[in-house]
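Summary of structural features
One letter stands for each residue in the lines below.
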Amino acid sequence: MVAHRFDFSTKSGTPIYATGNGKVTKTKKSRRGYGNHIVIDHGYGYKTLYAHMKRYIVKRGQKVKRGEI
């Protein structure tokens, strides 16, 4: 499998929207590395990492829909 990596940046405080339906498989609060971050598993081998967040409002195991904050 080929891993595609894209890195997007924006102003601090900008809302982050789920790129597709999926399940939150990781949530981590940290001051190192990726900082506060989550991973959404979209199925079919696709996962999205959202990193360097000020805070997040989802929980591990939560299902999310495309376009949700």
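In what follows, the structure referred to is the one given above.
Below or above, wherever it landed, is the structure these notes cover. (Residues numbered from 1 in each chain as written. Predicted model: local features only at pLDDT ≥ 70, side-chain atom pairs only at ≥ 80, totals over all residues. Heavy atoms only, no water.)

1. Some words on unusual backbone geometry
Residues other than glycine seldom take positive phi values, yet Tyr44 does so here, at roughly 55 degrees. Examined against the element boundaries, Tyr44 turns out to sit in the loop between strand 2 (36–43) and strand 3 (46–53). Tyr44 sits in the exposed class, given a relative accessible area of 81%. Look at His52: it is not a glycine, yet its phi comes out positive at around 60 degrees. Secondary-structure assignment places His52 in strand 3. (Helix = DSSP H or I, 4+ residues; strand = E, 2+ residues; numbered from the N terminus. Buried < 20%, exposed > 50% of the residue type's maximum accessible area, 1.4 Å probe, protein only.)

2. Side note on the pairing of strand 1 (residues 22–28)
Pairing between strand 1 and strand 4 (residues 63–64): 2 bridges, direction antiparallel. Counterpart to Gly22 in the pairing with strand 4 is Val64. The pairing of strand 1 with strand 2 spans 5 bridges and is antiparallel. Bridge pairing in strand 2 places Thr27 opposite Ile38. (Pairing = 2+ DSSP bridges.)

3. Some remarks on the packing of aromatic side chains
Tallying each qualifying case throughout the model produces 0 aromatic pairs. Geometry around Tyr56 places Lys29 over its ring, the cationic atom sitting 5.5 Å from the centre. (Phe/Tyr/Trp six-rings, centres within 6.5 Å; stacked < 30°, edge-to-face > 60°. Lys NZ or Arg CZ within 6 Å of the ring centre and 35° of its normal.)

4. Section: the nonpolar core
Ala18, Val24, Ile38, Ile40, Tyr50, Met53, Tyr56, Val58 and Val64 form the largest nonpolar core, which has 9 residues in total. Sorting the residues of this core by element identifies strand 2 and strand 3 as the ones contributing at least two each. (Core = buried A, V, L, I, M, F, W, Y, C linked by side-chain atoms within 4.5 Å.)

5. Observations regarding the environment of Gly35
Take Gly35: it is sitting in the loop between strand 1 and strand 2. The class of Gly35 is buried, set by a relative accessible area of 11%. Considered as a pair, Gly35 and Gly22 are 13 residues apart in the sequence and their alpha carbons are 22 Å apart. When residues no more than four places from it in sequence are discounted, the contact partners of Gly35 are Lys28, Ser30 and His52. (Contact = heavy atoms within 4.5 Å.)

6. Side note on the pairing of strand 3
Relative to strand 3, strand 2 runs antiparallel, the two being bridged by 6 bridges. Looking at the pairing, Asn36 lines up with Met53 of strand 3. The antiparallel pairing of strand 2 with strand 3 creates a hairpin that spans 2 residues between the two strands, and Tyr44 there sits at a positive phi of about 55 degrees.

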